[in-house]
Amino acid sequence: MSTSESQDIEEATATIAPGQPDDKTRRYDRQLRIWAASGQAALEASRILVLSSSATSTSILKNLVLPGIGHFSILDSTLTTPADAGNNFFLNASQSIGKPRAQEAVPLLRELNESVQGEAVIQDVKELLSTDQGKDWLRSFSIIIAHNLNNDVLAPLSTLLWANPNGPPLISVRSAGFLAEFHIQYHEHSVSQSHSENAPSLRITRPFPALLEWARSLDLQNMDPTDHSHIPMVVILVRALDEWRKSHDGSLPKTAAEKKEFKNSILAMKIKLDEENFEEAEAQAWRVWSEPAVPSDIQALFSLPPLPTSPQHNSTFHALLQSLSAFVSDPSGPGTLPISATLPDMKSDTKNYVRLQNLYRAHAEVEKTKFKEIFAAKYPEIAKTTNPDEVDSFVKNAHHIRVLRGKQWGALDRDREAIVNSLTSQPRETATHLALSALSNLLSRNAEVTIDALNAEVLSTVGQDVDLPEELEAAVGEIARAPTADLPNTAAFLGGLVAQEAIKVITEQYVPLNGYCVVDLIDSWTGVIN
Amino acid sequence: MAAAAVVNGTASSSEWEGRYYHVDQILDRSGPRTDPSFLAGDEVKEFLREKCKILVIGAGGLGCEILANLALSGFKDIHVIDMDTIDISNLNRQFLFRQKDVGKSKAIVAAEFIMNRVPGVKVTPYFGKIQDKDEDYYMQFNLIICGLDSVEARRWINATLVNMVDSDNPESLKPLIDGGTEGFKGQARVILPTVTSCYECSLDMLNKPTAFPICTIANTPRLPEHCIEWASVLEWPKVHGDKKLDTDNPEHISWLYQVAAARAKEFKIEGVTYSLTQGVVKNIIPAIASTNAIIAASCCNEAFKIATSSAAYLNNYFMLIGTDGVYSYTFEHEKRDDCPVCGGQSLAITVNKEWTVERLIDMLIERQDIQVKKPSLSTPGKQIYFQAPPQLELATRPNLEKKISDLVPDGGEITVTATTLPFNLSLRVKYT
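Treat the numbers as computed from the prediction; the structure is a model and nothing was measured.

Asks: Could you give an account of the overall build of chain A, naming the residues involved and the relevant values?
Replies: Scanning chain A from N- to C-terminus turns up 26 helices and 10 strands. Taken over the C-alpha atoms alone, chain A extends approximately 90 × 75 × 50 Å along its principal axes. For chain A, with 530 residues in total, the buried portion stands at 55%. Of the contacts made within chain A by residues no fewer than 6 positions apart, 72% connect residues no fewer than 24 positions apart. For chain A, the exposed surface amounts to about 21500 Å²; the carbon and sulfur share of it is 50%. Here chain A contributes 46 positively and 67 negatively charged side chains, and the mean placements of these two sets differ by 5 Å.

Below, the structure is given as structure tokens:
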């Protein structure tokens, strides 16, 4: 279809059916409902490097190409073996045998999504790691993903990327038969859009003036009965609490008896038996019991010591975080996080609900302006260059921001105390991790993979005098059974999990893994070692 | 590379030395958690690659992934059923389909793609409904995997497979593996009909669908969704009469969007968009490739383990939540003794003896563990209320006002039927 033709069709349909989305929006509709246009833009700007074109690697890439990353490179110097042709969906079966594996895979991945660019780089990562040019090239990606790269190469790669806080995160994936693990290496990852399912505080115990005024102004006894049954539960709660405080020295209901009494005071406001709004207020009375000015996990972020290796792109986030702390402690402010403009649905009529919604919106706008003033005063340079959407998103999600601090790949194995603790607290995850690490060490040395060799390797990591859990035997035995098997189902499972984490890292939405994720597809579990 | 040279000469060859190098590491020897009955080596490979027949229900988000995984795992006789055609919004995840395939049958296009990409695999598509097929059809398979987005279809296949179990014929027990996803979340489970908990046993685990009271929609809208419901439920039939709303027709969605937007403006409600309109009226569930990949892989992994006995299989429920880190929970979902499908007993319900038949019907519709839309009720001796045909509805309508206790004795049995219910639900009534 030519461009002009497609424009004609779009124009034509636009007049028949207004509001209709374009082809791109229609294609991505089911994912835009998850990460919205901002997440999509971040994906489209990303450049991803994948080391190897194994079945697992192409499965991961498939799940990144489909949602529309910008560009991918596959770094792989090997030729397709008969085994590759048998387990990899993105090769042309036996016709690919003997040809460069990456070159065979790239077109079959690209055809999944015409807007994604991709290239095969037929080189060995060891060569790239040995030159400055090679190192620069490796550092130029948004994220690097490596599958079954042996520890002797993975170690220098992870060290190179760890040395520069602004370098790409590294996801290292290892699998053998039914067992697998992957680790994400980043110094720090911050998220403002964590999409938490917990609703932000409605600030009922600290009502803003317009809300309190409304609650106090109601003549509950004499008002129109229909209006009475449409007072939103937020207003009822504010009113009930205001009266409670007057008779309780300003304190909140604390004991079980007081809470019961408070609930009864809400029900006593009813003038008819079936007023659902008062019943809803009673059911939501828990909102009054404990409403911290700042949730404890956010408070902890305020005193988070700065990291010398915080990536540059996090500096705005940290400036916003410190501005948030200043907002909370500002004597002329509310002493809480900025109020959220989003209101849950509640029993009411249109007039009262929209009025309440407008009050929250207007007040959220006031506090956001206040926050921006603090931000601009504290960080004039950063504030000038920061995208206003980023500030809006930060303020809107202030109740659910997250900062994750990661470790270098392999750090766990060098920390004997941490490994021993982890063996006690998470025996199956840690045992499986140790068995997979042992496998990689043996493969690095071209040593034969036997149960004895794996056990010896594990002991050299944890020390001779450590009690090993029985789960280790199950993991080691399974790895000795299939040390080099990249099973199609394990590859597909990892393909989904790893792509999902890469998407969360790239979009800075939702909360990615911190540490190792260990997978056992015999007993069908996953677990995380931080 | 000797093998490669030979195979390159015969590109159409569907077998080559080393093809199953990866899978055979599992099939040639046992692991520490393998059942002693496992027959390592040629026997299990022959069963998997030459004898095992597997059915995939659904060729959509999960189905495309399932077909590819099964083919690479070595299943060679695969059947697939799907009644849908390909839509542009499928292309972000249903990776066997391209722009040029829009409008074609999902089952047929997916089957052709798999057969082209993985030589030697036969995929037999059926472009139609699972309800078109009878027990003889389902009896031919060793295993069934479901990747469906419909509760109704799942209940139907589950009830059908439970009914098929004949204790004298072990072959009649067909393991059912079921997967489902929503956004970053999903679940996979193994159902051994009559042995483990079945789909119906866990119906109350489903999220209750959001339903807006009609009085809110008509009189006191507060949310953009209320305005959209008003446009689709009340205004569409009023303006268009008998013309049915087609939620796949962009012109219909546009009409709803405009009507809903106008109402929202009148009531000063913000947030009505085309996308939201479409989401509400089509009940769109967000979906991405990665979650489907995880859940489909889990389903196929269980199918592979069951077909080969190469390792223990899932007992019986795997749940994944990927919104905050990677969280999953594996547990045994318990069989319900009073499950209307696999429990073999009638469901005990307690009813106020003053209740009318209509009130009882409302209660049945409300109950999360029953999920029925328009139930008809009868006792072994008489008809209580029938939704159809019209003359029977008319004849039984006066009963709606009557007390149920006047029609059914204490401890008596009521049979519930409905078009959406793939079995007859038997209730035992107790009055209070």
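Let's pick the thread back up.
Asks: Could you give an account of the domain arrangement of chain A, naming the residues involved and the relevant values?
Replies: Residue and element names in this part refer to chain A. Taken domain by domain, chain A comprises domain 1 (23–187 + 486–529), domain 2 (209–290), domain 3 (296–403) and domain 4 (413–482). One C-alpha centre belongs to domain 1, the other to domain 3; they are set 35 Å apart. At the boundary of domain 1 with domain 3, total buried surface from both sides reaches about 500 Å², with 56% on carbon and sulfur atoms. In terms of surface lost to domain 3, no three residues of domain 1 exceed Pro165, Asn166 and His187, which account for 72% of the buried area on that side.

Asks: If you had to explain the packing of aromatic side chains to someone new, which residues and values would you point to?
Replies: Enumeration according to the criterion identifies 22 aromatic pairs over all chains in this entry. Seen in terms of ring centroids, A:Trp137 and A:Phe141 are 5.0 Å apart; in terms of plane orientation they differ by 90°. Their pairing is edge-to-face. In this structure A:Trp137 comes out as partly exposed when scored by relative accessible area, which is 23%. Centroid distance B:Tyr137 to B:Tyr138: 5.1 Å. Interplanar angle 85°. Geometry classified as edge-to-face.

Asks: Let's hear about the packing of helix α10 (residues 209–217) of chain A against helix α12 (residues 233–247) of chain A: which residues, and what values?
Replies: Residues and elements named next belong to chain A. Two numbers describe how α10 lies on α12: the axes approach to 9 Å, and their chain directions differ by 80°. Here α10 lies roughly perpendicular to α12, going by the angle between them. Judged by residue contacts, Leu211, Leu212, Trp214, Ala215 and Arg216 of α10 engage Val234, Val235, Val238, Arg239 and Asp242 from α12. Its residues assigned to classes, the contact of α10 with α12 comprises 7 nonpolar, no polar and 3 charged.

Asks: So what about the interface of chain A and chain B? Which residues, and what values?
Replies: Contact residues are listed per partner, giving 91 residues for chain A and 94 residues for chain B. Between chain A and chain B, a total of about 7700 Å² is buried, with carbon and sulfur atoms accounting for 58% of that surface. The largest share of the area that chain A buries against chain B comes from A:Arg30, A:Phe89 and A:Arg481, three residues that together contribute 12% of it. Our count for the chain A to chain B interface comes out at 9 salt bridges.

Asks: Go over the sheet that holds strand β11 (residues 383–385) of chain B, please, and point to the residues and values.
Replies: In a beta sheet, neighbouring strands are held together by backbone hydrogen bonds and run either parallel or antiparallel to one another. Residues and elements named next belong to chain B. Within the open sheet, the 5 strands sit side by side as β9-β13-β12-β10-β11. Their pairing is mixed. Both edges of this open sheet fall to β9 (347–351) and β11, since each of them pairs with a single strand only. Pairwise comparison of adjacent strand axes, ignoring direction, gives a mean angle of 35° for this sheet. The pairing of strand β10 (residues 376–378) with β11 spans 2 bridges and is antiparallel. Its bridge partner being in β11, Leu377 is matched across the sheet by Tyr385.

Asks: Could you give me a rundown of helix α24 (residues 451–462) of chain A, with the residues and numbers involved?
Replies: Residue and element names in this part refer to chain A. Taking 1.5 Å per residue as the helical rise, α24 with its 12 residues ought to reach 16 Å, and the 17 Å between its terminal C-alpha atoms agrees with that figure. When α24 is considered as a whole, its buried residues turn out to be Leu454, Glu457, Val458, Thr461 and Val462. Buried residues of α24, seen end-on, are gathered within an arc of 125° and therefore sit on one face of the element. The inward-facing, buried residues of α24 contact α21 (411–414), α22 (416–425), α23 (427–444) and α25 (471–481). Taken from the residues just after α24, Gly463 is the one with a positive phi, measuring 100°.

Asks: Describe in detail the UniProt feature "domain: THIF-type NAD/FAD binding fold" (unreviewed entry) in chain A, supporting the description with residues and values.
Replies: When the UniProt feature table is mapped onto this chain, "domain: THIF-type NAD/FAD binding fold" (unreviewed entry) is found at residues 28–509 of chain A. Structurally, residues 28–509 of chain A is divided into 54% helix and 9% strand, and its ends, taken at the C-alpha atoms, are 17 Å apart.

Rules used throughout
- Residues numbered from 1 in each chain as written.
- Chains lettered and ligands numbered in written order.
- Predicted model: local features only at pLDDT ≥ 70, side-chain atom pairs only at ≥ 80, totals over all residues.
- Heavy atoms only, no water.
- Helix = DSSP H or I, 4+ residues; strand = E, 2+ residues; numbered from the N terminus.
- Buried < 20%, exposed > 50% of the residue type's maximum accessible area, 1.4 Å probe, protein only.
- Contact = heavy atoms within 4.5 Å.
- Areas by Shrake-Rupley, 256 points an atom, 1.4 Å probe, with all protein chains shown as cover.
- Lys, Arg positive; Asp, Glu negative; His and termini not counted.
- Charge placed at Lys NZ, Arg CZ, Asp CG, Glu CD.
- Domains from an automatic or database assignment.
- Buried area = accessible area lost by both parts, 1.4 Å probe.
- Phe/Tyr/Trp six-rings, centres within 6.5 Å; stacked < 30°, edge-to-face > 60°.
- Axes fitted to C-alpha atoms, helices over the stretch in contact; angles between N-to-C directions.
- Parallel < 35°, antiparallel > 145°, perpendicular 65-115°, else oblique.
- Nonpolar A, V, L, I, M, F, W, Y, C, P; charged D, E, K, R; others polar.
- Salt bridge = Lys/Arg side-chain N within 4 Å of Asp/Glu carboxyl O.
- Pairing = 2+ DSSP bridges.
- Expected span 1.5 Å × (residues − 1).
- Arc of directions from axis to C-beta.
- UniProt positions renumbered as here; feature names shortened; annotations may be inferred.

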